[in-house]
Amino acid sequence: MALRPIIILPDTRLREISRPIERLDSATGSLIEDMLATMYDAPGIGLAAIQIAEPVRLVTIDVAGKDEPPAPMVFINPEITWASEDKNVHEEGCLSIPDYYEEVERPSRVRVRFRDREFKEQEIDADGLLATCIQHEIDHLNGVLFIDYLSRLKRERVTKKFAKAARQG
Ligand code: NI
(Lines give C-alpha, C1' and ligand atoms only; values in the text may rest on other atoms or scores of the structure.)
Protein backbone atom coordinates (compact mmCIF):
# COMPACT_ATOMS: atom_id res chain seq x y z
CA MET A 1 0.00 0.00 0.00
CA ALA A 2 1.41 3.35 -1.04
CA LEU A 3 0.27 6.93 -1.26
CA ARG A 4 0.32 7.98 -4.89
CA PRO A 5 0.56 11.52 -6.29
CA ILE A 6 -2.74 12.87 -7.61
CA ILE A 7 -2.56 14.51 -11.03
CA ILE A 8 -3.99 18.01 -11.26
CA LEU A 9 -5.69 20.12 -13.93
CA PRO A 10 -4.52 20.89 -16.67
CA ASP A 11 -2.71 17.50 -16.85
CA THR A 12 -3.94 16.11 -20.18
CA ARG A 13 -4.06 12.56 -18.81
CA LEU A 14 -7.28 13.61 -17.04
CA ARG A 15 -8.87 13.65 -20.52
CA GLU A 16 -7.88 10.06 -21.36
CA ILE A 17 -10.49 7.33 -21.74
CA SER A 18 -9.64 4.58 -19.26
CA ARG A 19 -9.62 0.94 -20.38
CA PRO A 20 -11.63 -1.88 -18.83
CA ILE A 21 -9.97 -4.27 -16.36
CA GLU A 22 -10.05 -7.76 -17.89
CA ARG A 23 -9.22 -9.82 -14.83
CA LEU A 24 -8.35 -9.43 -11.20
CA ASP A 25 -4.62 -9.86 -10.62
CA SER A 26 -2.22 -8.82 -7.88
CA ALA A 27 -1.43 -5.55 -9.68
CA THR A 28 -5.12 -4.60 -9.59
CA GLY A 29 -5.25 -5.62 -5.93
CA SER A 30 -2.36 -3.31 -5.03
CA LEU A 31 -3.81 -0.52 -7.16
CA ILE A 32 -7.07 -0.76 -5.17
CA GLU A 33 -5.11 -0.54 -1.88
CA ASP A 34 -3.09 2.44 -3.17
CA MET A 35 -6.25 4.22 -4.31
CA LEU A 36 -8.03 3.76 -0.98
CA ALA A 37 -4.96 4.96 0.95
CA THR A 38 -4.54 7.97 -1.37
CA MET A 39 -8.25 8.84 -1.20
CA TYR A 40 -8.38 8.73 2.62
CA ASP A 41 -5.13 10.66 2.92
CA ALA A 42 -6.25 13.47 0.58
CA PRO A 43 -8.92 13.39 2.12
CA GLY A 44 -11.60 12.76 -0.48
CA ILE A 45 -14.84 10.79 -0.88
CA GLY A 46 -14.06 9.40 -4.33
CA LEU A 47 -11.11 8.67 -6.58
CA ALA A 48 -10.78 7.34 -10.13
CA ALA A 49 -7.61 5.44 -11.10
CA ILE A 50 -6.74 7.96 -13.82
CA GLN A 51 -6.33 10.56 -11.05
CA ILE A 52 -3.22 8.67 -9.99
CA ALA A 53 -2.25 8.28 -13.66
CA GLU A 54 -3.54 4.71 -14.08
CA PRO A 55 -5.88 4.67 -17.10
CA VAL A 56 -8.07 1.74 -16.00
CA ARG A 57 -11.78 1.66 -15.16
CA LEU A 58 -11.51 1.53 -11.39
CA VAL A 59 -13.14 3.80 -8.80
CA THR A 60 -13.00 3.98 -5.01
CA ILE A 61 -15.64 5.78 -2.95
CA ASP A 62 -16.44 6.31 0.72
CA VAL A 63 -19.40 8.55 1.44
CA ALA A 64 -19.70 7.63 5.14
CA GLY A 65 -20.24 10.61 7.43
CA LYS A 66 -17.50 11.96 9.72
CA ASP A 67 -18.96 10.17 12.76
CA GLU A 68 -19.57 6.88 10.95
CA PRO A 69 -17.06 4.04 10.51
CA PRO A 70 -15.26 3.96 7.14
CA ALA A 71 -17.27 2.29 4.37
CA PRO A 72 -14.90 1.81 1.42
CA MET A 73 -16.56 0.89 -1.88
CA VAL A 74 -14.69 -0.42 -4.92
CA PHE A 75 -16.14 -0.29 -8.43
CA ILE A 76 -14.40 -2.13 -11.25
CA ASN A 77 -15.65 -1.34 -14.79
CA PRO A 78 -18.70 0.59 -13.46
CA GLU A 79 -21.48 1.42 -15.91
CA ILE A 80 -24.65 3.43 -15.41
CA THR A 81 -27.52 1.26 -16.63
CA TRP A 82 -30.36 3.60 -15.60
CA ALA A 83 -30.68 7.22 -14.51
CA SER A 84 -33.73 8.93 -13.03
CA GLU A 85 -35.55 11.75 -14.80
CA ASP A 86 -35.48 13.82 -11.64
CA LYS A 87 -32.33 15.81 -10.98
CA ASN A 88 -30.42 16.92 -7.94
CA VAL A 89 -28.03 19.81 -7.44
CA HIS A 90 -24.93 19.11 -5.33
CA GLU A 91 -21.85 21.19 -4.72
CA GLU A 92 -18.96 19.21 -6.20
CA GLY A 93 -15.22 19.35 -5.86
CA CYS A 94 -12.44 17.18 -7.26
CA LEU A 95 -9.03 16.13 -5.91
CA SER A 96 -7.62 16.96 -9.36
CA ILE A 97 -9.04 20.52 -9.17
CA PRO A 98 -8.19 21.34 -5.54
CA ASP A 99 -10.05 24.02 -3.58
CA TYR A 100 -12.61 24.65 -6.30
CA TYR A 101 -16.29 23.92 -5.70
CA GLU A 102 -19.36 24.53 -7.85
CA GLU A 103 -22.93 23.26 -7.97
CA VAL A 104 -23.65 20.61 -10.61
CA GLU A 105 -27.02 19.18 -11.62
CA ARG A 106 -27.20 15.43 -12.27
CA PRO A 107 -29.82 12.66 -12.17
CA SER A 108 -30.71 12.18 -8.51
CA ARG A 109 -30.75 8.37 -8.71
CA VAL A 110 -28.76 5.94 -10.84
CA ARG A 111 -28.37 2.19 -11.21
CA VAL A 112 -24.77 1.06 -11.58
CA ARG A 113 -23.46 -2.29 -12.80
CA PHE A 114 -19.88 -3.09 -11.84
CA ARG A 115 -17.53 -5.78 -10.60
CA ASP A 116 -16.57 -5.86 -6.95
CA ARG A 117 -13.21 -6.59 -5.29
CA GLU A 118 -13.75 -10.31 -5.92
CA PHE A 119 -14.55 -9.47 -9.57
CA LYS A 120 -18.15 -10.60 -9.02
CA GLU A 121 -20.81 -8.75 -11.04
CA GLN A 122 -22.98 -6.49 -8.91
CA GLU A 123 -25.67 -3.91 -9.45
CA ILE A 124 -26.70 -1.19 -7.01
CA ASP A 125 -29.20 1.65 -6.92
CA ALA A 126 -27.63 4.84 -5.64
CA ASP A 127 -29.22 8.08 -4.49
CA GLY A 128 -28.12 11.18 -2.58
CA LEU A 129 -24.40 11.84 -2.26
CA LEU A 130 -23.46 8.36 -3.52
CA ALA A 131 -25.40 8.95 -6.77
CA THR A 132 -23.58 12.24 -7.35
CA CYS A 133 -20.20 10.78 -6.43
CA ILE A 134 -20.45 7.68 -8.60
CA GLN A 135 -21.51 9.76 -11.62
CA HIS A 136 -18.60 12.15 -11.02
CA GLU A 137 -16.12 9.25 -10.80
CA ILE A 138 -17.48 7.37 -13.84
CA ASP A 139 -17.11 10.65 -15.77
CA HIS A 140 -13.38 10.56 -14.92
CA LEU A 141 -13.12 7.15 -16.63
CA ASN A 142 -14.42 8.86 -19.78
CA GLY A 143 -12.13 11.88 -19.53
CA VAL A 144 -14.95 14.13 -18.30
CA LEU A 145 -14.51 16.60 -15.41
CA PHE A 146 -17.23 18.28 -13.35
CA ILE A 147 -16.16 21.67 -14.69
CA ASP A 148 -17.44 20.49 -18.11
CA TYR A 149 -20.97 21.01 -16.75
CA LEU A 150 -20.35 24.65 -15.81
CA SER A 151 -20.80 27.71 -17.99
CA ARG A 152 -18.02 28.30 -20.51
CA LEU A 153 -17.00 31.42 -18.64
CA LYS A 154 -16.56 29.59 -15.33
CA ARG A 155 -14.79 26.65 -16.97
CA GLU A 156 -12.34 28.89 -18.82
CA ARG A 157 -11.67 30.91 -15.69
CA VAL A 158 -10.78 27.86 -13.56
CA THR A 159 -8.81 26.23 -16.39
CA LYS A 160 -6.72 29.38 -16.87
CA LYS A 161 -6.12 29.67 -13.14
CA PHE A 162 -4.77 26.10 -12.94
CA ALA A 163 -2.74 26.47 -16.15
CA LYS A 164 -1.09 29.57 -14.70
CA ALA A 165 -0.38 27.81 -11.40
CA ALA A 166 1.19 24.88 -13.32
CA ARG A 167 3.43 27.26 -15.30
CA GLN A 168 4.59 28.91 -12.10
CA GLY A 169 5.38 25.45 -10.67
NI1 NI B 1 -12.99 14.20 -9.41
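Residues numbered from 1 in each chain as written. Predicted model: local features only at pLDDT ≥ 70, side-chain atom pairs only at ≥ 80, totals over all residues. Heavy atoms only, no water.

Visitor: Explain the coordination of the nickel ion here, please?
Guide: Where a metal carries four tetrahedral donors, each ideal angle is 109.5 degrees; where it carries six octahedral donors, the ideal angles are 90 or 180 degrees. Taken together, the protein donors to the nickel ion comprise Cys94 (SG), His136 (NE2) and His140 (NE2), at separations of 2.1 to 2.3 Å. Positions of the donor residues of the nickel ion along the chain correspond to the pattern C-x41-H-x3-H. Highlighted residues: Cys94 in strand 4 (residues 87–94) and His136 in helix 2 (residues 128–141), separated in sequence by 42 residues. Judged by relative accessible area, which is 10%, Cys94 ranks as buried. Judged by relative accessible area, which is 6%, His136 ranks as buried. (Donors = N, O, S within 2.8 Å, 3.2 Å for Na, K, Ca; no water. Helix = DSSP H or I, 4+ residues; strand = E, 2+ residues; numbered from the N terminus. Buried < 20%, exposed > 50% of the residue type's maximum accessible area, 1.4 Å probe, protein only.)

Visitor: Would you mind going over the sheet that holds strand 3 (residues 73–83) with me for this structure?
Guide: Sheet strands pair via backbone hydrogen bonds, and the direction of the pair is either parallel or antiparallel. Taken together, 5 strands build an open sheet; the order of strands is 1-2-3-6-7 and the sheet is antiparallel. Lying at the two open borders of the sheet, with one neighbouring strand each, are strand 1 (46–48) and strand 7 (121–127). Direction aside, neighbouring strands of the sheet carry axes that sit 40° apart on average. Bridge count for strand 2 (residues 58–61) against strand 3 is 4 bridges, and the pairing is antiparallel. Residue pairing in the sheet places Val59 in a bridge with Phe75 of strand 3. Relative to strand 2, helix 1 (residues 26–41) is tilted by about 40°, and along the sheet it contacts strand 1, strand 2 and strand 3. (Pairing = 2+ DSSP bridges. Axes fitted to C-alpha atoms, helices over the stretch in contact; angles between N-to-C directions. Contact = heavy atoms within 4.5 Å.)

Visitor: What exactly am I supposed to notice about the pairing of strand 5 (residues 97–107) here?
Guide: Two faces make up the sheet, and in a regular strand the side chains alternate between them. Here strand 4 pairs with strand 5 via 7 bridges, running antiparallel. Bridge pairing in strand 5 places Asn88 opposite Arg106. Counting the residues that bridge the hairpin from strand 4 to strand 5 gives 2 residues.

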